[in-house]
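# Overview (structure and organization)
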Amino acid sequence: MANEASLDNLRAIYERVRAETPSLNSESSDFAAASLTYARLKQYNGIAAAINRCVGDAVVPCMPPHLQINNHNKCNLRCVQCMYFGEDNAGPNHDKDILRSRPNMDTVEALCREGFPYANNSSLSGIGEGLLHHSAELIAQLAGEYGVRMMLNTNGQVLMSRRIRHLFGIGSLMFSIDGGLPHTFESLRLGAKYATVIRNMRTLSRANELLPRPLRMHTRISFTTCVSNMIELPLMVELAAAVGIRELAVSSFTLYDRGPFALEMIAPHQERFERLYAIAEEKAKTLGVSLFRTVSPVYTPPYYDPDQPGGRLMVDYADPFDESRLVPLTELVPTDSVEDDAREIAADALEAGIIRKLTQATPQQTEAAAEAVEALAAGIRDFMNSTPGIANLGEAVTKRKIREPGSWRPICGYLFSSLYLSGNGIAQPCCNDKMDWLADYRKTPIKEVFSGQPYREMLARFHSDSPPQACKDCHFRGYVPEESLVL
């Protein structure tokens with residue numbers, strides 16, 4: 001068990017190594033020395049992806065700037081609203097083989113070493129709980145080597161020190177917490193223990209406090225609103241402050257079909273929600289918590305019928321808006337000591353940070369990165385040369401756009417920047433289970449997936465009057481003026 005003296009010694013070694021080893025550093029991140037090798041490659045790849053986004057087609061072959069890796073298709077909970085693991089015993093909306101599959105370690109390492117040199121960001125999220133599988137540690141370790149910011153969603157039930165140690169200094173951990181009260185939380189997340197997740201959040205926050213600033217992990221709570229938990233929104237702000245997490249993101253309960261829980265949609269209760277959100281905002285200002293909305297909680301999917309919502313609530317409250325059930329916060333946060341566990345996590349994070357800083361790129365990696373930069377630069381030059389009568393790259397993009405100025409273009413934050421890699425080898429633009437898949441990434445290089453014919457055909461469909469049904473129903477699909485899409 002790490003004591004104060006051993007932590008002081010590790011902190012001193014880390015600070016000395018960091019000062020002596022250049023890398024893609026900032027005040028809030030700390031990558032390996034090897035990461036500098038890929039700085040220009042990521043820059044050129046980002047330019048190519050931006051060209052494709054503005055033009056509306058994969059005209060410059062490139063790699064996804066963001067990789068979403070679903071490393072584990074299993075979960076330790078049975079959340080009633082989950083389309084994979086809900087109380088219908090998991091999976092009427094998905095192939096059971098996918099739920100049983102996960103990539104092996106060799107496959108995980110291969111896809112990371114193929115995609116991470118180009119990527120700026122990566123996330124472990126999708127069907128299951130990524131921290132349940134030891135590949136999470138490998139992915140975070142490789143992200144630190146290649147200069148990739150990591151984000152991981154978790155239900156907060158497991159917090160293994162060695163599994164998260166490589167996330168410190170390069171990553172974010174987002175706790176998905178759908179209830180401020182034990183009964184609400186445990187009713188929405190079957191199998192979860194409220195006291196466990198609250199203690200885990202406080203332990204991680206305390207570990208952060210013990211670390212130098214560049215090694216601290218960015219943490220956030222994600223609160224998905226529904227009718228059953230809506231009145232607990234102000235309480236969630238207090239809870240976030242109490243466990244030491246300073247960001248609270250509010251999103252909406254997603255209704256994948258009319259299903260048994262349509263009554264949980266809060267669109268009919270928008271006025272009440274806005275009142276509660278205003279109260280929460282005032283608490284957030286007082287307590288120093290950043291409160292924001294990621295997706296409008298009053299979003300209504302096109303297939304929702306407000307006149308016939310049907311179904312029932314997920315939590316057995318007689319009146320979900322009865323505020324008498326709210327209790328003082330002191331009764332909710334466990335008071336047992338977290339210090340020993342926090343010190344162990346901090347010590348593991350320091351050791352991992354020291355080793356990461358000293359990781360250098362091999363001559364072969366340096367040469368491969370330089371060749372990849374030239375290939376991207378050549379692709380950008382070819383794009384410009386194919387557009388006659390232009391003076392610069394911006395003009396080339398403007399001439400090749402798919403719509404006239406003044407028109408509106410459908411837009412998606414995933415299509416030109418991200419690739420979702422499922423546990424069974426499927427590569428697709430996002431984690432929507434209704435999205436058509438593009439290829440098997442175990443057999444097809446990622447670059448071919450992201451620039452190949454199936455991908456370009458899918459882009460054409462997205463921009464047409466008949467987009468894929470998965471895109472048509474998605475709340476991440478929007479419209480922007482054509483002239484706003486510029487380099």
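As a reminder, the structure under discussion sits directly above these lines.
Quick look at the structure, then.

Quick notes on the rules
Residues numbered from 1 in each chain as written. Predicted model: local features only at pLDDT ≥ 70, side-chain atom pairs only at ≥ 80, totals over all residues. Heavy atoms only, no water. Helix = DSSP H or I, 4+ residues; strand = E, 2+ residues; numbered from the N terminus. Buried < 20%, exposed > 50% of the residue type's maximum accessible area, 1.4 Å probe, protein only. Contact = heavy atoms within 4.5 Å. Areas by Shrake-Rupley, 256 points an atom, 1.4 Å probe, with all protein chains shown as cover. Core = buried A, V, L, I, M, F, W, Y, C linked by side-chain atoms within 4.5 Å. Axes fitted to C-alpha atoms, helices over the stretch in contact; angles between N-to-C directions. Parallel < 35°, antiparallel > 145°, perpendicular 65-115°, else oblique. Left-handed = near helix turned anticlockwise from the far one by under 90°. Nonpolar A, V, L, I, M, F, W, Y, C, P; charged D, E, K, R; others polar. Pairing = 2+ DSSP bridges. Expected span 1.5 Å × (residues − 1). Arc of directions from axis to C-beta. Salt bridge = Lys/Arg side-chain N within 4 Å of Asp/Glu carboxyl O. Phe/Tyr/Trp six-rings, centres within 6.5 Å; stacked < 30°, edge-to-face > 60°. Lys NZ or Arg CZ within 6 Å of the ring centre and 35° of its normal.

## Remarks on the overall build of the protein chain
A count of helices and strands for the protein chain gives 16 helices and 12 strands. Looking at the 487 residues of the protein chain, the share that counts as buried comes to 55%. Long-range pairs, those at least 24 residues apart, make up 78% of the contacts in the protein chain with a sequence separation of at least 6. Working note: accessible area of the protein chain is about 20500 Å², and carbon and sulfur atoms make up 51% of it.

## Digging into the environment of Met63
When you line up the elements, Met63 lands in the loop between α2 (39–55) and β1 (66–69). When the C-alpha positions of Met63 and Lys42 are compared, they lie 9.4 Å apart, and in sequence the two are 21 residues distant.

## Topic: the nonpolar core
For soluble globular proteins, the rule of thumb is that nonpolar side chains tend to be buried together. Counting 136 residues, the largest nonpolar core has Ile69, Phe116, Leu419 and Leu421 as its most contacted members. When residues in this core are grouped by element, the largest group, eight residues, is from helix α9 (residues 233–243). When near neighbours in sequence (up to four residues on either side) are disregarded, Leu421 contacts Leu67, Gln68, Ile69, Asn70, Leu111, Ile426, Ala427, Tyr441 and Ile446.

## What to know about the packing of helix α4 (residues 105–115) against helix α5 (residues 135–146)
Contact geometry of α4 with α5 gives a least axis separation of 10 Å together with a crossing angle of 20°. Here α5 runs roughly parallel to α4, going by the angle between their axes. Viewed along their axes, α4 and α5 form a crossing whose handedness is right-handed. Each of Met105, Val108, Glu109, Cys112 and Arg113 in α4 lies in contact with α5, whose residues at this interface are Ser135, Leu138, Ile139, Leu142, Glu145 and Tyr146. Taken together, the residues that form the contact of α4 with α5 break down as seven nonpolar, one polar and three charged.

## A word on the packing of helix α8 (residues 194–209) against α9
Interaxial distance between α8 and α9 falls to 8 Å at its minimum, and their mutual angle equals 50°. Of the possible angle classes, the one that applies to α8 and α9 is oblique. For the pair formed by α8 and α9, the contact residues are Tyr194, Ile198, Met201, Arg202 and Ser205 on the first element and Leu239, Ala242 and Val243 on the second. Along the lines of polarity and charge, the residues of the contact of α8 with α9 split into six nonpolar, one polar and one charged.

## Examining the sheet that holds strand β6 (residues 247–252)
Here we have 10 strands laid out as an open sheet, ordered β7-β6-β5-β4-β3-β2-β1-β9-β10-β11, and mixed in their pairing. Unpaired on one side and paired on the other, β7 (290–293) and β11 (439–440) mark the two borders of the sheet. Docked against the sheet, α8 engages β4 (171–176) and β5 (218–225), running at close to 160° with respect to β4.

## Some words on helix α1 (residues 4–20)
For α1, with 17 residues, the first-to-last C-alpha span of 25 Å sits near the 24 Å given by 1.5 Å per residue. The complete set of buried residues in α1 reads Leu7, Leu10, Arg11, Tyr14, Val17 and Arg18. Taken end-on, α1 shows its buried residues confined to a sector of 135°, consistent with a single buried face. Opposite the buried face of α1, by more than 90 degrees, sit the exposed residues Ala5, Ala19 and Glu20. Looking at the packing, one finds that the buried side of α1 touches α11 (339–357).

## Topic: helix α10 (residues 270–287)
Spanning 18 residues, α10 covers 25 Å between terminal C-alpha atoms, matching the ideal 26 Å at 1.5 Å per step. In the segment just after α10, Gly288 is the residue with positive phi, at about 75°.

## Regarding the environment of Leu167
Mapped onto the elements of the fold, Leu167 is located in the loop between α6 (161–164) and β4. Leu167 gets classed as buried once you look at its relative accessible area, which sits at 2%.

## Considering the pairing of strand β9 (residues 418–421)
Covered by surrounding structure in β9 are Ser418 and Tyr420 together with Leu419 and Leu421, the residues of both alternating faces. The pairing of β9 with strand β10 (residues 426–428) spans two bridges and is classified as antiparallel. Counted as the bridge partner of Tyr420 is Gln428 from β10. Once β9 ends, the chain turns through four residues before running back antiparallel as β10, passing Gly425 with a positive phi of about 95°.

## Focus: the pattern of salt bridges
The tally for this structure, following the rule as stated, stands at 22 salt bridges. For Glu137, the salt bridge is made with Arg165, and the minimal N-O distance between the two is 2.6 Å. Separated by 28 residues along the polypeptide, Glu137 in helix α5 and Arg165 in the loop between α6 and β4 bring together distant segments of the chain. The buried category is assigned to Glu137, whose relative accessible area is 18%. Residue class for Arg165 comes out buried when judged on its relative accessible area of 13%. Arg199 is the partner of Asp341 in a salt bridge, and the nearest nitrogen-oxygen pair spans 3.1 Å. In this pair, Asp341 is assigned in helix α11 and Arg199 in helix α8, connecting sequence segments 142 residues apart. Put simply, Arg202, Arg206, Glu209, Glu339 and Arg343 are held in one network by salt bridges that share partners.

## Points about the packing of aromatic side chains
All told, the structure shown has four aromatic pairs when counted by the stated rule. Measuring from ring centre to ring centre gives 4.9 Å for Tyr38 and Tyr146, while their planes differ by 50°; the resulting arrangement is tilted. In this pair, Tyr38 sits in the loop between α1 and α2 while Tyr146 sits in helix α5, placing the two residues 108 residues apart along the sequence. Judged by relative accessible area, which is 3%, Tyr146 ranks as buried. A ring pair is formed by Phe185 and Tyr194, whose centres lie 5.9 Å apart and whose planes are at 75°; its orientation type is edge-to-face. Here Phe185 and Tyr194 have matching classes, each one buried. The cationic tip of Arg293 hangs over the ring face of Tyr277; the distance from NZ or CZ to the ring centre is 4.1 Å. In this structure, Arg477 is placed above the aromatic ring of Phe462, and the distance from its NZ or CZ to the ring centre is 5.3 Å.

## What about the environment of Thr203?
Secondary-structure assignment places Thr203 in helix α8. Once the C-alpha coordinates of Thr203 and Gly244 are considered, the two residues, 41 residues apart in sequence, prove to be 9.2 Å apart. Leave out the neighbours within four places in its chain, and Thr203 touches Val338, Asp341, Ala342 and Ile345.

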